[in-house]
Amino acid sequence: MIYSVSTANLIIDKESAEKNFPLLKKAGFGAIDLNFDNIFYANGGSVYAKQGKPWLKSEFYELPEEEFYDYLKGIKDEAEKNGIAIGQSHAPFPSYVFGREDGINEYMIKCIKRSIAAAGYLNCHYIVVHPITPPYGSTMTKKEIFDMNIEFYSQFIDDLKKHNVVCCLENMWVQYKNKIFESTCNDFDEVNRYIDELNKRAGKDLYAFCLDTGHMVLTSGNIRFAIKTLGKKLKVLHLHEVDGINDNHAMPFTLGAVDWEMIMTELNASQYSGTLNFEVARAWMYFPKPLWNDAVIMLGKIGKYFVDTYFI
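Okay, so let's go over this structure. (Residues numbered from 1 in each chain as written. Predicted model: local features only at pLDDT ≥ 70, side-chain atom pairs only at ≥ 80, totals over all residues. Heavy atoms only, no water.)

1. What about the pattern of salt bridges?
Within this structure, the stated rule accounts for 15 salt bridges. With a closest N to O distance of 3.0 Å, Glu151 and Arg201 form a salt bridge. Here the residue Glu151 occupies a position in helix α5 (residues 142–154), and Arg201 occupies one in helix α7 (residues 188–202), the gap between them amounting to 50 residues. Note on Arg201: relative accessible area 40%, which makes it partly exposed. Put simply, Lys233 and Asp196 hold a salt bridge, and the shortest N to O gap is 3.3 Å. Of this pair, Lys233 sits in the loop between α9 (223–230) and β9 (234–238) while Asp196 sits in helix α7, and the two are 37 residues apart along the sequence. Linked through salt bridges whose partners overlap, the residues forming this network are Glu151, Glu197 and Arg201. (Salt bridge = Lys/Arg side-chain N within 4 Å of Asp/Glu carboxyl O. Helix = DSSP H or I, 4+ residues; strand = E, 2+ residues; numbered from the N terminus. Buried < 20%, exposed > 50% of the residue type's maximum accessible area, 1.4 Å probe, protein only.)

2. Observations concerning the nonpolar core
Counting 102 residues, the largest nonpolar core has Tyr207 and Trp284 as its most contacted members. Considering every element that reaches this core, the biggest residue donor is helix α12 (residues 292–310), with nine residues. Once you skip the residues sitting within four places of it in the chain, Tyr207 turns out to touch Tyr153, Ser154, Phe156, Ile157, Leu160, Val166, Cys167, Leu169, Ile195, Leu198, Asn199 and Ala202. In terms of nonpolar packing, the next biggest core, distinct from the first, is built from seven residues, Val128, Val166, Cys168 and Val236 among them. (Core = buried A, V, L, I, M, F, W, Y, C linked by side-chain atoms within 4.5 Å. Contact = heavy atoms within 4.5 Å.)

3. Considerations on the packing of aromatic side chains
Taken as a whole and assessed by the stated rule, the structure comprises 23 aromatic pairs. Aromatic side chains Phe306 and Tyr310 sit 6.4 Å apart centroid to centroid with 50 degrees between the ring planes, which places their arrangement in the tilted category. Placement of the pair is Phe306 and Tyr310 together in helix α12, with a separation of four residues, close to one helical turn. Side by side, Phe306 and Tyr310 carry an identical accessibility label, which is buried. A connected cluster of aromatic rings, assembled from ring pairs, spans Phe40, Tyr41, Phe60, Tyr61, Phe68, Tyr69, Tyr71 and Tyr121. Its end group placed over the ring of Phe68, Arg114 keeps NZ or CZ at 3.9 Å from the ring centre. Over the face of the ring belonging to Phe181 we find Lys179, whose NZ or CZ atom lies 4.9 Å from the ring centre. (Phe/Tyr/Trp six-rings, centres within 6.5 Å; stacked < 30°, edge-to-face > 60°. Lys NZ or Arg CZ within 6 Å of the ring centre and 35° of its normal.)

4. Some details on the pairing of strand β5 (residues 166–170)
The side chains of a regular strand alternate between the sheet's two faces. Within β5, five of the five residues are buried, which leaves the element mostly enclosed by the surrounding structure. Neither face of β5 is open: one carries Val166, Cys168 and Glu170, the other Cys167 and Leu169, and all of them are buried. For strand β4 (residues 126–128) and β5, the ladder comprises three bridges, and the chain directions are parallel. Bridged to Val128 within β5 is Cys168. Pairing analysis gives four bridges linking β5 to strand β8 (residues 207–212), with the strands arranged parallel. Considered in β8, the bridge of Cys168 is made with Ala208. (Pairing = 2+ DSSP bridges.)

5. Remarks on the packing of α7 against α9
Packing of α7 against α9 brings their axes to within 9 Å, and their N-to-C directions diverge by 30 degrees. For the element pair α7 / α9, the angle class is roughly parallel. Here α7 runs over α9; the crossing is right-handed. Contacts between α7 and α9 pair Phe188, Asp189, Val191 and Asn192 from the former with Phe225, Ala226, Thr229 and Leu230 from the latter. Residue composition of the contact of α7 with α9, by class: five nonpolar, two polar and one charged. (Axes fitted to C-alpha atoms, helices over the stretch in contact; angles between N-to-C directions. Parallel < 35°, antiparallel > 145°, perpendicular 65-115°, else oblique. Left-handed = near helix turned anticlockwise from the far one by under 90°. Nonpolar A, V, L, I, M, F, W, Y, C, P; charged D, E, K, R; others polar.)

6. Topic: unusual backbone geometry
Here Phe93 and Pro94 are connected by a cis peptide whose omega angle stands at 5 degrees. Of note, Pro94 is situated in the loop between β3 (85–90) and α4 (104–121). Unusually for a residue other than glycine, Lys177 sits at a positive phi of about 55 degrees. Residue placement: Lys177 occurs in the loop between β6 (173–176) and β7 (179–182). Positive phi, normally seen in glycine, also occurs at Ser220, with a value near 60 degrees. Mapped onto the elements of the fold, Ser220 is located in the loop between α8 (213–218) and α9.

And the structure:
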């Protein structure tokens, strides 16, 4: 069992890849979850109002094809040099913004499609794409939300086929004031219907699931039931700690609201075969910058502890 980490601000371009892949190797990570969302924002992208404009394009996603792949080559070469796989990736989000007719939703589709192409180039077999999540108070029915998401995800079938990439849906939440509520992809019988319908349309298995443990705790979800219900459709993970109130994305064992023994035991019992991926950028960003490397090393030790304790 390989343990992995979402790269967040650690891997953005060739320069950061040269600096931080050796750190990830030292920490024992055999794979990464490459955050195209961080690359989107680091290159000037903005979904919401900024600098007097409703949204801004990301320079990375505007690159001509040759320059686009040259940019990615800098990351790919450093990963290979350090023996680290790009096991999964995360598309820019939000995937869709309700009430916007200014072109942002069409642009996000373009960015997701280019992210799929990028994942294929990087030999990254999985990409997480957030489902469409209606805002709190929406009057949409479950069927309307289901149908909207089926159409949304179906438009990526040709791209997934072309680049040999699997698209993973994720369990999401919405917020009202200080309270978080479950949103799209928290009914796991329905999740299986999503994946079955999308794979039927694709004619092959191009869709699967990413379980976010922090989101499950925040929405009071039954993680054991989710793992059992998803079965082999569960291909990737977003493992992180929360305090039960906020989407903290913190290091395991630091806040205490997540039952890690239950999760690891259930993953092992289900014969989960993916990586143990930590989506925990704040695991190091909570600390002063001079301590970031130490925090990454500590996270690697937690990954090793999980593997040695539950999967050997």
